[in-house]
Amino acid sequence: MSVLRSLLLAASQNRWLRDRASKYKFVRRSVARFMPGEEVEDAIAAAKALEAKRIAGIFTRLGENITVIREADEVTQHYVDVLNKIRQAGLRAEISVKLTQLGLDQSVELCVANVKQIVQAEDPAKTVWIDMEASNYVDATLDVYRKVLTHFPRTGICLQAYLFRTKKDLEALFAMKPSVRLVKGAYKEPPEVAYPGKKDVDENYFALGQEMLRAQSDSRMTRVAFGTHDTPLIQRLADFAAKEEMPKSTLEIQMLYGIQRAEQERLAAEGYRSGVLVAYGSYWYPWFVRRLAERPANLWFMLKNIFAA
């Protein structure tokens, strides 16, 4: 399966495949399972349905690595407008942004200014999440995060459990009381920077998760969220929290739209915090293929759509 994952991650970066994927109906049918539509209005409709089940939405516009500053300005204004639409709709939903959409490749200072503009437009009680991208962006992303967190303490960052460095990165952030969403990681990384095996990633995730939950209880972290669909891992975290006599609301699980729906609803019904990342936008190909690489069941779902009527 590691070979299949490597092939899919390589395919996610292939421009030729990206340009042709959208032309195939079976691909678009598969993508529809994981995103409600390409427009923000589709995401808002999905979030309303989720909130009826006590599940919070987190919006993200697909895309990465813009090439000109004008595009970064457009994305920044888009998210400001989205926050206004969320407010008008009376939703609890939050947003999650990619820094390479906001000018990180062009200028760190520009990127910081754009993130601050977005965070200023958000309700101070909510979190604006900053996604983590490939390992070569970690230092720059953390640099931007620290600069924004100094002024906006509710800002959140995503960290990836498959990177060897993440434990030290997490510990270095404790002094600033960060909000962190922990994920396993979805990029193709060299073996010198990331655990190659699932078992090692899972164990590092659980170790980091325990540390994060303790830090949240000790007020060294503002908010802790776990981005995973791994139900045995979720149960291990829940058991740890119960053993430590932490309330169920301590544990926040964030999943992707369309995956493990029954588990999302179960967590919310039992008193855990349940959230769903609702993606939208036309630049879905690399994001979608990384989802296939993360979970083999997603690939089988797509293959079934090849033969669907």
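Residues numbered from 1 in each chain as written. Predicted model: local features only at pLDDT ≥ 70, side-chain atom pairs only at ≥ 80, totals over all residues. Heavy atoms only, no water.

Peer 1: A description of the environment of A113 should follow, citing residues and the corresponding values.
Peer 2: In this fold, A113 is placed in helix α6 (residues 108-121). In the structure, A113 is positioned 31 residues away from V144 in sequence and 9.5 Å away in space, judged by C-alpha atoms. (Helix = DSSP H or I, 4+ residues; strand = E, 2+ residues; numbered from the N terminus.)

Peer 1: Could you give me a rundown of the pairing of strand β6 (residues 223-227), with the residues and numbers involved?
Peer 2: Most of β6 is tucked away: five of the five residues are buried. With burial as the criterion, each face of β6 is covered, one bearing R223, A225 and G227 and the other bearing V224 and F226. Of the pairings in the sheet, the one linking strand β5 (residues 179-183) to β6 comprises four bridges and is parallel in character. Following the sheet pairing, S179 is matched in β6 by R223. (Buried < 20%, exposed > 50% of the residue type's maximum accessible area, 1.4 Å probe, protein only. Pairing = 2+ DSSP bridges.)

Peer 1: So, the environment of A32: which residues are in play, and what are the values?
Peer 2: When you line up the elements, A32 lands in helix α3 (residues 25-34). Look at A32 and you get partly exposed, because its relative accessible area is 46%. For A32 and Y257, which are 225 residues apart along the polypeptide, the C-alpha to C-alpha distance reads 9.9 Å.

Peer 1: Give me the packing of aromatic side chains: which residues, what numbers.
Peer 2: This model, assessed by the stated rule, comprises two aromatic pairs. With centroids separated by 4.6 Å and ring planes inclined at 80°, the aromatic side chains of F164 and Y195 adopt a geometry described as edge-to-face. Note that F164 is positioned in the loop between β4 (156-160) and α8 (166-173) and Y195 in the loop between β5 and α9 (198-217), a separation of 31 residues in sequence. Overall, Y195 belongs to the partly exposed group, its relative accessible area being 26%. Where Y205 meets F226, the ring centres are 6.2 Å apart and the plane angle is 45°; that geometry is what we call tilted. Taken together, the residues Y205 in helix α9 and F226 in strand β6 connect sequence positions 21 residues apart. Under the relative-accessibility criterion, Y205 is labelled buried at 0%. Classification of F226 by relative accessible area gives buried; the value is 0%. It is R220 that lies over the ring of F174; its NZ or CZ is 4.9 Å from the centre. Taking the ring centre of F206 as reference, the NZ or CZ of R236 above it sits at 4.0 Å. (Phe/Tyr/Trp six-rings, centres within 6.5 Å; stacked < 30°, edge-to-face > 60°. Lys NZ or Arg CZ within 6 Å of the ring centre and 35° of its normal.)

Peer 1: Can you explain the pattern of salt bridges? Please cite residues and give values.
Peer 2: Considering all chains together, one arrives at 21 salt bridges under this definition. E263 is the partner of R266 in a salt bridge, and the nearest nitrogen-oxygen pair spans 2.7 Å. With R266 and E263 both in helix α11 (residues 261-269) and three residues apart, this pair spans about one turn of that helix. Classification of E263 by relative accessible area gives buried; the value is 11%. When salt bridges with common partners are traced through the structure, they connect E94, R223, E252 and R273 into a single cluster. (Salt bridge = Lys/Arg side-chain N within 4 Å of Asp/Glu carboxyl O.)

Peer 1: Go over the pairing of strand β8 (residues 273-280), please, and point to the residues and values.
Peer 2: Within a regular strand, side chains alternate between the sheet's two faces. Counted residue by residue, β8 has seven buried out of eight residues, so it is predominantly covered. Two strands pair when backbone bridges link them, and strand β7 (residues 252-256) and β8 are joined in this way by five bridges, in the parallel orientation. When the bridges of β8 are listed, L256 appears paired with L277. Tracing the backbone out of β7, into α11 and back to the parallel element β8 gives a crossover that is right-handed. (Right-handed = clockwise from strand over helix to strand, strands pointing away.)

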